[in-house]
Amino acid sequence: MGLMLENGLAQDAVLVPPSNFSMVEENIFRSGLPTPTNFPFLETLNLRSIIYLCPEPYPEENCKFLQSQNIRLFQFGIEGKQEPPVAMSTDTISEALKVLIDVRNHPVLIHCKRGKHRTGCLVGCLRKLQNWCLSSVVEEYQRYAGSKSRLNDMKFLEAYDILSMRQSLYSIIYRYHGYGSNKRRLLYRGEENVHNKARLTSI
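Sequence order as written defines residue numbering, which begins from 1 separately in each chain. Only residues with pLDDT of at least 70 are given local features in this predicted model, and only at 80 or more are side-chain atom pairs given and counted; all residues enter the totals for whole chains, interfaces and linings. Note that the side-chain values use all heavy atoms of the structure and ignore hydrogens as well as water.

**Q** Any chance you could break down the overall build of the protein chain for me, citing the residues and the numbers?
**A** Comment: elements are numbered from the N terminus, with helices defined as DSSP H or I runs of at least four residues and strands as E runs of at least two. From N to C terminus, the protein chain includes 7 helices and 8 strands. Each of the 203 residues in the protein chain was classed as buried or not, and the buried ones make up 44%. By the convention used here, residues are in contact when the closest approach between their heavy atoms is within 4.5 Å. For the protein chain, contacts bridging at least 24 residues in sequence account for 65% of all contacts bridging at least 6. Throughout, the Shrake-Rupley method with a 1.4 Å probe supplies accessible areas, and for residues the shown protein chains are the sole cover considered. When the accessible area of the protein chain is evaluated, it comes to approximately 10,900 Å², of which 49% is carbon and sulfur surface. Buried residues are those whose accessible area, probed at 1.4 Å on protein chains only, stays under 20% of the maximum for their type, while exposed residues exceed 50% and partly exposed ones sit between those limits.

Structure representation (C-alpha cells):
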C-alpha cells in the first residue's frame, strides 16, 4: 500500500491525464472530456473552473467530481458535427474567450469531447488575442486535431475578428503583465458580468 501524500493521493497512484491534455499557458489547460480515471490527475491542477464547449449535458459523475472540488462549470453549447458541417459561432466563442481570460477563473481547463476542434478554435482565438501570427495559430490547431483537422475551423480562425473582440472587452479592463507572471491582474469597471451568456452550472 502506497504512502499518502499531502493531497491524499497514494504515492504509488498512477495519475492519468485526459486525452489530448496540454498546458496552454500558466493556469490554462486543454484536453478532451475527462473520465473518472482522470479525476486524481485533475485534483493536482487545483482547478477553479472548467469551460465545457459541448451542448450535451455534463456527465453526472463529472458533476459530482466538480462539486467535491468546488470547481465552477461554464458551458457553451457549440455543435461539433462535421456532416453536415456546422459553422462555428463567433458570438459563442467570444463569450467563452471572455471567461477564459478572466484570471478569477484560473486555473481553468478547456475541453470539448476530444479536445480537438472546438477546444482548438477557442485556444486559437486566444492566440490571436496574444498577437500570434496566423500560421502559428493554425499549426497549433493542426497539432492537436491531427488528421481530423477541419478546413472550416481553420477558415474560422483566419476570419475571427480579434479587433472587434478587443473593443467588446472595454467593459472588462484587463491588464496582463505577461503570461506566466505572478503580476497578472484583471480590473473591472462597473457591475457588468461577462458570464451572462454562459451557462454557469451550480453543482
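**Q** How would you summarise helix α6 (residues 151-159) if you had to cite specific residues and measurements?
**A** Of the residues making up α6, those classed as buried are D153, M154, F156 and L157. Each buried residue of α6 sits inside an arc of 155 degrees when the element is viewed along its axis, so together they form one side. Exposed and oriented more than 90 degrees from the buried face of α6 are L151, E158 and A159. By arc we mean the arc of the directions from the helix axis to the C-beta atoms, nothing more.

**Q** Pulling in residues and values, what's your account of the side chain of H111?
**A** On the secondary structure map, H111 appears in strand β5 (residues 108-111). We call two N or O atoms a polar contact when they sit within 3.5 Å, provided that within protein one can donate a hydrogen and the other can accept it, with sequence-adjacent residues counted only if both atoms are side-chain atoms. At a separation of 2.8 Å, a polar atom in the side chain of H111 contacts the side chain of Y58. The contact partners of H111, leaving out residues within four places of it in the chain, are S31, G32, L33, P34, I50, I51, Y52, L53, Y58 and T119.

**Q** Can you lay out the side chain of R127 for me, pointing to particular residues and giving the numbers?
**A** Mapped onto the secondary structure, R127 falls in helix α4 (residues 117-129). By relative accessible area, which is 3% here, R127 ends up buried. Residues in contact with R127, not counting those within four places in the same chain, are V24, E25, W132, V137 and E140.

**Q** I'd like a description of α4, backed by residues and values.
**A** The terminal C-alpha atoms of α4 lie 18 Å apart, and with 13 residues this matches the ideal 18 Å at 1.5 Å per residue to within 8%. Taking burial as the measure, the 13 residues of α4 include 13 buried ones, the bulk of the element. A positive backbone phi angle near 70 degrees is found at N131, which sits one or two residues after α4. Expected helix span is computed as 1.5 Å times (number of residues minus one).

**Q** Quick one: what's the story with the packing of aromatic side chains, residue by residue and with numbers?
**A** Working definition: a ring pair exists when centres of Phe, Tyr or Trp rings (six-membered ring for Trp) sit within 6.5 Å. Plane angles under 30 degrees give stacked, over 60 give edge-to-face, the rest tilted. Evaluated as defined, the whole model comprises 5 aromatic pairs. Between F21 and F41, the aromatic rings sit 4.9 Å apart at their centres with planes inclined by 85 degrees, giving edge-to-face as the arrangement. Taken together, the residues F21 in the segment before β1 (22-25) and F41 in helix α1 (residues 39-43) connect sequence positions 20 residues apart. Judged by its relative accessible area of 24%, F21 falls in the partly exposed class. For F41, a relative accessible area of 14% gives the class buried. Relative to F65, the ring of F39 lies with its centre 4.3 Å away and its plane at 10 degrees, an arrangement referred to as stacked.

**Q** Report on unusual backbone geometry, specifying residues and quantitative values.
**A** That bond from H106 to P107 is cis: its omega, -5 degrees, falls within 30 degrees of zero. Here P107 lies in the loop between α3 (90-101) and β5. A positive phi angle is found at N70, which is not glycine, with a value near 60 degrees. Its place among the elements puts N70 in the loop between α2 (60-69) and β4 (72-75). Of note in the backbone geometry, N131 takes a positive phi value of approximately 70 degrees without being a glycine. Its location among the elements puts N131 in the loop between α4 and α5 (134-145).

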